[in-house]
Amino acid sequence: MKRLAIFLLLGIFSIGISANLKAAMPAPKPGMEVEVLREVAIQEGGRKKPFDTFARETVRSVTGREKFNGFDPVELILSWLTQTQDWEKQPILDAGFKPLQAQVGLKVVDGRIAPADLAANQEFQLFMQTVSSKQQDGRSLSEIERHAASLMKQLNLFYTIASGASLTLIPQSGGHWESLEKLAERYPNLSAMQAAPTTEAKIAAALQGSLAAYFQNDTALFGQMSLMLRDLLLEQGTIVKDYPSAKDLQREIRLNRLKPFRIAWLAYALAFFLVLCSLWVRGKALYLAGMAVLLAAFGVHIYGFVLRSMISGRPPVTNMYESVIWVAFGIVLFALIFEAVYRAKIYAVAGAALATLLLVVADSVPSILDPAIDPLVPVLRSNYWLTIHVLTITLSYAAFALALGVGNVSLGYYIFKPQAKDRIDRLNYFLYRSMQVGVVLLAAGTILGGVWANASWGRFWGWDPKEVWALIALLGYLAILHGRYAGWLRGFGLALGSVVSFLLVLMAWYGVNFILGVGLHSYGFSSGGARGMAFFVGIEMLWVAFAALRYKMLFKPAAQPAVGRAG
Amino acid sequence: MKSQLYKIGRKIFGFLSSLKLAVIVILSLAAVLAAGTVSESIYDTETAKHYVYDTWWFAALLGLLAANVLCSALSRWPWKRHHIGFLVTHLGILVLLAGSFVTLLEGYEGQMILAEGETGKKMTIKEAQLFFYDADLGKLEQKPAEFRFNPPSASRPWTAEVLSGLQAKIDDYIPNASEEIRVEPDNAMDNPALKVKISGSRAAMEEWLFAREYDRQSVNLGPATLTYLDLPDLASFRRMLQKPAEFSGPILRLDGQWIPVQANLQKPVATRAGELLLQNYFSNAMVDQNGLRSIDSERVNPAVTFTIKGPDGGERHTVFAKFPTMPTVHGEYQSKIRPRLFDIPQDWDASRNALVIARLENGQQFYAIKSGDAWGEVFPIVSEKSVPTGWMDFQFSVEQVVPQARIEKVYRKVPVPKGKEGPPSAVRLTLSLGSEKKEFWIGRGNSRDVDLGGRRFKIAYGLKSKPIGFELRLDDFRLGTYEGTQNPSSYESQVTLIDRVDQVQNSQLIAMNRPLEYGKYKIFQASYQLNPGGPDYSVLAVAYDPGIFLKYLGSLVMCSGIVLMFFFKPLFVQKRIAARKAQASSATGLPPEIPMEKTP
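Calculation rules
- Residues numbered from 1 in each chain as written.
- Chains lettered and ligands numbered in written order.
- Predicted model: local features only at pLDDT ≥ 70, side-chain atom pairs only at ≥ 80, totals over all residues.
- Heavy atoms only, no water.
- Helix = DSSP H or I, 4+ residues; strand = E, 2+ residues; numbered from the N terminus.
- Rg over C-alpha atoms; globule rule 2.2 N^0.38 Å.
- Buried < 20%, exposed > 50% of the residue type's maximum accessible area, 1.4 Å probe, protein only.
- Contact = heavy atoms within 4.5 Å.
- Areas by Shrake-Rupley, 256 points an atom, 1.4 Å probe, with all protein chains shown as cover.
- Lys, Arg positive; Asp, Glu negative; His and termini not counted.
- Charge placed at Lys NZ, Arg CZ, Asp CG, Glu CD.
- Pairing = 2+ DSSP bridges.
- Axes fitted to C-alpha atoms, helices over the stretch in contact; angles between N-to-C directions.
- Buried area = accessible area lost by both parts, 1.4 Å probe.
- Salt bridge = Lys/Arg side-chain N within 4 Å of Asp/Glu carboxyl O.
- Polar contact = N/O pair within 3.5 Å; in protein donor to acceptor, adjacent residues only side chain to side chain.
- Nonpolar A, V, L, I, M, F, W, Y, C, P; charged D, E, K, R; others polar.

**Comments concerning the overall build of chain B**
So, step 1. For chain B, the count of helices and strands is 10 helices and 34 strands.
So, step 2. Taking 600 residues into account, the globule formula puts the C-alpha radius of gyration at 25 Å, and chain B, at 34 Å, lies well above it.
So, step 3. Taken over the C-alpha atoms alone, chain B extends approximately 110 × 65 × 50 Å along its principal axes.
So, step 4. Within chain B, the fraction of its 600 residues that count as buried is 44%.
So, step 5. In chain B, of all internal contacts separated by at least 6 residues, the share reaching a separation of at least 24 is 52%.
So, step 6. Entry remark: accessible area of chain B is about 31300 Å², with carbon and sulfur atoms responsible for 54%.
So, step 7. Each charge class in chain B was averaged separately, 70 positive and 63 negative side chains, and the resulting centres sit 11 Å apart.

**Side note on the sheet that holds strand β11 (residues 249–254) of chain B**
Residues and elements named next belong to chain B.
So, step 1. Ordered in space as β12-β11-β19, the 3 strands form an open sheet in which the pairing is antiparallel. Both outer strands of the open sheet, β12 (257–260) and β19 (340–344), are each paired with one neighbouring strand and no more. Strand-to-strand twist across the sheet, computed as the mean angle between neighbouring axes with direction ignored, equals 30 degrees.

**Focus on the interface of chain A and chain B**
So, step 1. Chain A puts 62 residues into the contact, and the matching count from chain B is 63 residues.
So, step 2. A combined buried area of about 5300 Å² lies between chain A and chain B, and 66% of that area is made up of carbon and sulfur atoms.
So, step 3. Three residues, A:Pro378, A:Trp463 and A:Tyr485, lead the burial of chain A against chain B; their summed loss comes to 13% of the area buried on that side.
So, step 4. The tally of links between chain A and chain B comes to 1 salt bridge.
So, step 5. As a salt-bridge pair, A:Lys48 and B:Glu483 come within 2.9 Å of each other at their nearest N and O atoms.
So, step 6. Joining chain A to chain B, the criterion identifies 9 residue pairs in polar contact (both at pLDDT 80 or more).
So, step 7. Elements with a minimum of two residues in the side of chain A that touches chain B: β2 (47–50), α20 (421–456) and α21 (465–486) of chain A.
So, step 8. Grouping the constituent residues of the side of chain A that touches chain B by class yields 33 nonpolar, 17 polar and 12 charged.

**A closer look at the pattern of salt bridges**
Residues and elements named next belong to chain A.
So, step 1. The full count for this structure, using the stated rule, is 54 salt bridges over all chains.
So, step 2. With a shortest N-O distance of 2.7 Å, Lys-49 and Glu-44 are connected by a salt bridge.
So, step 3. Lys-49 sits in the buried class, given a relative accessible area of 2%.
So, step 4. Residue classification places Glu-44 among the partly exposed positions, given a relative accessible area of 27%.
So, step 5. Salt-bridge contacts for Glu-322 lead to Arg-308; the nearest nitrogen and oxygen are separated by 2.8 Å. Residue Glu-322 is located in helix α17 (residues 320–342), and its partner Arg-308 is located in helix α16 (residues 285–312); the two are separated by 14 residues in the primary sequence. Per residue, the accessibility class of Glu-322 equals that of Arg-308, and both read buried.
So, step 6. Look at the salt bridges and you will find they share partners, linking Glu-35, Arg-38, Asp-52, Arg-56, Arg-60, Glu-66, Asp-72, Arg-257 and Lys-259 into a network.

**Considerations on the sheet that holds strand β13 (residues 268–271) of chain B**
Residue and element names in this part refer to chain B.
So, step 1. The 4 strands lie next to each other as β13-β14-β17-β18, forming an open sheet whose pairing is antiparallel. On the outer flanks of this sheet lie β13 and β18 (313–320), each paired with one strand and no other. The average undirected angle you get between the axes of adjacent strands in this sheet is 30 degrees.
So, step 2. With 7 bridges connecting them, strand β14 (residues 274–282) and strand β17 (residues 303–310) associate as antiparallel partners. Along β17, the bridge assignment pairs Tyr-281 with Val-304.

Here you go:
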């Protein structure tokens, strides 16, 4: 019922509610200038953010993508607000999970369902009852139940946007900002606004003005009204002394717009291609061009998370999304350092390839790797420890990833060009160096984790799965280094080991949080992505098995010492 | 013979220092740890600890690792310059393992749960224990009683002999037991009980109340607070309703006069019977060899001692609230005064809606209802008659009255979802002394008096506790939330630290990532429980870790060793490199600074 409040409000500007019962999806209105509204602050998810961020996150949650039906996210929110009745009959909720469709009989069009249809689906509501009771008991959900819960969340989000209940735009003293819905209740009509012409009343008027202008497709009035609205909100924010600066808001909008990590991976991909080609082309030009692009990509990459750090006020390694980006950074950093020392090209190739892969993953699965900047659980609120423990440990992942990259190239040589002994020896030496860097960082990072744990949980070591898997990964690499020292693992064994033991790193990094899901590092727990991860692991394993077979065929035991670097 | 031994010793040393053993130990350690985390994921942390991390064989594996690390370092004797990185690393590992060993032997950790305003002196350690107390001798014996992974059964009971001759046997165990009470009439008891029912269109509830079981005397049942208590007569009841503030906590009733105990301790008070001097108040009194003492600050068995100087001389009295019919004066002398102690709950009048049922000395029972801040008239209780209360449409009735009640606890197994903490365990205990035998269930956190073979025992089943040597008072617990949400952003406990030995008293803040260090302990903010309308609870973790210095030192040494070994090796092996430069670098195309790890 409350969601009608806005419509009642609109009524005072004597707008007829469009009784569009035919299934026509509202379209973007050309000439509507929503730039001003982007910079309006909203208090949501435990922090203040620009409306631009809020709109992007919300539209992404509800529809599964940031740009829906050609709408700018900000305009889409306005459209939902003013044309709820049209929208709720449109298939907009992302309901692509087939087993759930079958389970409760959803009316799905192209993997989407209309909010009104979903709300009216008795079977779904019944199913949700068991899901929410399970959630309350803290029991784990099945995959179907997880998807049902997330669909329910999308539905609620759509309706709380449409009702204005989740649009907490109006600054209040005392911490909790007020929603549009509440404001509409307090100022149900013009006389209520005129009775007490406070800033809030003016905000209510400007808000209704801009919504009405949007609805009536009056672009000039909408421009005026939204400007007025922004200034009034700022005024109100100044009154209650709680409003982010325009600089902060614009910085975040810049991050949203620029998508630096997307630019970075495009450039990394180009750098990869250029340096790879330079392996076969004479002259330095191609190599230098590739390195220049790599450096430029690295610059954009750094700029991206400097922005992100400034916005969140903490080092950008507090969730899976950020750690993937950070590891990609580490990989390129080490690749550049090694490249500077050895001029090996292969570091640049492997580094650029891995960075591209990681950033593509981070950019493409927002439902699993959520890019939203969310508040931290209390135990993580220590920039000091976050910086020294988490950055160290994730840098070690980067070094091992680089070893994995070089190891894969080395395996490729074993398979396709086994006669290039010098080259292979060099590669194996390079991956050995990367492993050493990784071992130092992982050992130090694990211990620093213990020191932090001693300061926050009261014990240095408690056999928590995250700690234990970091240790297992370390042990894995130590076994390889000892095996190499003993002479059991020659070149090929080392390359093989660098690939296989990276699976331990993946377990420590991804597996503990996404597969095991137990222990004290529960703030990083999530689900999903198992299929993609299994695919990656499967491909690597096949590749390794193929390489091992080929190696066995090529180098009979007698010939073996010829390949391993006689040390 | 000697050379034979030497040979064997050499062989063992050779094996212990071998690289082969190193790799085997490293890989098996990794495999065991992986299995440990998987078992933690499938079952829970306790299971993983019990079957992997806390086992003798896991300790043995770590011991083997230490032996291997040590022997491999010794086997390089005489040490050369290029061994430095390797030796430092291995020394670090040994020191780290030694630190862990010290922690394992000497360290412990526990919890302290404090309500705001409460002072704690002890930490509880998560190890269940059975306490056997001989009330006549004042002797206490404790036995470890963790049964989760080896539950006692009829065929494999747990047995112990305690307190010279008392045989204890446990033959059944419930890991997570819900506790219900059953009330049975028992002529030997002096414990009035009644069952009240509150019913309305929305809900109906039943609850037992006990006038002299202070933890079951009052209950908060949705709409209101219900209290059942002893009072001398109807006039007192009316006065209590008129002046609620005066009737809270222990009050001595002497010759028709009400004397609050706490306010008048150690002060002479003039009464009609003579001059009264209240000496001591015990919240949980117990008689031992040295006379009366209080076991703890729980309100379980309140008692008061006083002297009174009348015209006929002085008298010394001990009065128990729970046992109003017991003679109160010492010796055979028959006193003229009949003092009684009433311990009235603090919050009987605290909420807007309340009900009080008073049991008078003559056995009659009356009730009064408070609805929206005002107390109504006093009426006699009529069993099973529903009375409107004025709290919405709720009615109240007394379903059953048992003037002499015995509480039996019934335990039932409850399923606990994974990752949740269920209710505590319960055991079936059989005690026998000579030919006499008693069998009962007891849940963790409970105690019970047992008379057997003419001796008086007190049996308790609870967690081990340890005094920390100082006191902590929780002054305030604060939960910070992120703006516009209920998500916690910080937990903080404002405490006062009191050390009576060293005369320390100061205010301290304990927060996440900000522990308090005092004495040998470190105290951390672990968790909390908000309690709307009452004091909040803060859960503090208390840890003593004497190995921490060694662990930090070992870690530092180990990491420096690795760095030395990996990145500064050229400093130590320049000679060898130089010698090899010509043959190696030209042959392989490797950069000249590559260290050669292994000499063929």
